Structures are given as C-alpha cells and as structure tokens.
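Residue-level listing of the chains:
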Amino acid sequence: KQWYQRRVRGSVSDSNATGKWQKLFLYNQGKKVESNCQAMPLTTALIEGLDTFMSSVIFGNAFVSILNQQSEIPSHCGPTNLRVRCHLGLQVPEGECSITVNGVSERWANRECIMFDDSFLHCASNQTDSQRIVLIVDLWHPNLTLTEIKIFSELFAVKQ
C-alpha cells in the first residue's frame, strides 16, 4: 500500500457533484492533530521548522490533500489575506491536473511548490485517471512585518 492509504483513516472526506477529495490534517485551524503528526514525524518536523508556518493561529493549517481522479473542487476563497498557501506536489499524475487562482491556471508538479494568496478565488481540477496528492501548508503572508505577525498571532491565537 501507498503511505497515504495506510494513514488515511484519520482523514476528512468531502464530495459534491463534481468529485471527491480527502484531507489528512497535521494542523487543523492552528491545532496540532497529534495522532497524524506521530504517523508522519518527518513531515511534521519539516513543517514545524518553517519560520513562517502559521502554527497556533486559527488560520494555520497543514494537511495532505488527495483529489480523486475525475474530480473538481469548486471555486472558493480562503478567509483572510494574512496567509499564503503552499502546495507541494507529492504525487501528481500526468495530464490535466491543475489549480486556477484568480483566473490563472498552474499545473502541479512532483516535488515543486505552488504558492498563492488563497483569499483570491481559486479552484482545483484533476481530470486524470489517478489521484493527485499535495501537501498544503499555510504561511504568514510575506508582506507582513514581524510586528504585524506578532500582533495577529496574539489576536488569532487558538487555545491548545
């Protein structure tokens, strides 16, 4: 079995008329999901080592996203422009598999990142016959100053 098939038991599934996808959270709205982090210690250490990771704030997430074959995630917007969202391609099938942000489409690639402000309208599509798997991590927006990050960290802190 693939690593994600062994660990997907703690995932959150979602679906609509256009397809299905799953999310395996390491951090969910700033709260660490201990069981999943223990199952993925190297990935957790990598994320926690990022200076700009939005840990312990309501807008901070880190998760593995699995978009099933022949599926689409409809257009939506994130809740704030305080963050940028990083998608790291883990398993990206050949073919029509992309994300569109504010009208601009990009194709994911294995071992490469796509970063974007998810407060802009965006959608995802996988029209291949294989699953698309990416690691998604929320980072503080690079235009924020350290003082602003400190203020927002306190303002939007979650209780662990």
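Procedures and definitions
- Residues numbered from 1 in each chain as written.
- Predicted model: local features only at pLDDT ≥ 70, side-chain atom pairs only at ≥ 80, totals over all residues.
- Heavy atoms only, no water.
- Buried < 20%, exposed > 50% of the residue type's maximum accessible area, 1.4 Å probe, protein only.
- Helix = DSSP H or I, 4+ residues; strand = E, 2+ residues; numbered from the N terminus.
- Pairing = 2+ DSSP bridges.
- Phe/Tyr/Trp six-rings, centres within 6.5 Å; stacked < 30°, edge-to-face > 60°.
- Lys NZ or Arg CZ within 6 Å of the ring centre and 35° of its normal.
- Axes fitted to C-alpha atoms, helices over the stretch in contact; angles between N-to-C directions.
- Polar contact = N/O pair within 3.5 Å; in protein donor to acceptor, adjacent residues only side chain to side chain.
- Contact = heavy atoms within 4.5 Å.

Section: the pairing of strand β4 (residues 62–67)
Then, in step 1: Of all 6 residues in β4, 6 are buried, a share of seventy percent or more.
Then, in step 2: On β4, burial covers both faces: A62, V64 and I66 on one face and F63, S65 and L67 on the other are all buried.
Then, in step 3: As judged from the 6 bridges shared by strand β2 (residues 19–28) and β4, these two strands associate in the antiparallel manner. What sits directly across from Y27, in β4, is A62.

Things to note about the packing of aromatic side chains
Then, in step 1: Taken as a whole and assessed by the stated rule, the structure comprises 4 aromatic pairs.
Then, in step 2: Ring centres of Y27 and F53 lie 4.9 Å apart, and the angle between their planes is 75°; this geometry places the pair in the edge-to-face category. Placement of the pair is Y27 in strand β2 and F53 in the loop between α3 (41–48) and β4, with a sequence separation of 26 residues.
Then, in step 3: For Y27, a relative accessible area of 8% corresponds to the buried category.
Then, in step 4: Taken together, the ring pairs connect F59, F152 and F156 into an aromatic cluster.
Then, in step 5: Note that R132 overlies the ring of W108, its terminal NZ or CZ placed 4.4 Å from the centroid.

With respect to the sheet that holds strand β7 (residues 97–101)
Then, in step 1: Reading across from one edge, β5-β10-β7-β8 is the order of the 4 strands in this open sheet, with antiparallel pairing throughout. If you trace the sheet from one side to the other, it starts and ends with β5 (71–76) and β8 (104–107), each paired once. Neighbour-to-neighbour, the strand axes of this sheet turn through a mean angle of 15°, independent of strand direction.
Then, in step 2: Where β7 and strand β10 (residues 122–126) come together, 5 bridges link them in antiparallel fashion. Of the residues in β10, the one forming a bridge with C97 is N126.

Things to note about the environment of P142
Then, in step 1: One can find P142 in the loop between β11 (132–140) and α4 (146–155).
Then, in step 2: Under the relative-accessibility criterion, P142 is labelled exposed at 62%.
Then, in step 3: The spatial distance from the C-alpha of P142 to the C-alpha of L82 is 8.9 Å, given a sequence separation of 60 residues.

Looking at the side chain of D118
Then, in step 1: Turning to its location among the elements, D118 is positioned in the loop between β9 (113–116) and β10.
Then, in step 2: Classification of D118 as buried rests on a relative accessible area of 2%.
Then, in step 3: Among the polar contacts made by the side chain of D118, one reaches the side chain of R83 at a distance of 2.8 Å.
Then, in step 4: Ignoring any residue separated from it by four or fewer positions in sequence, one finds D118 in contact with C77, G78, T80, R83 and R85.

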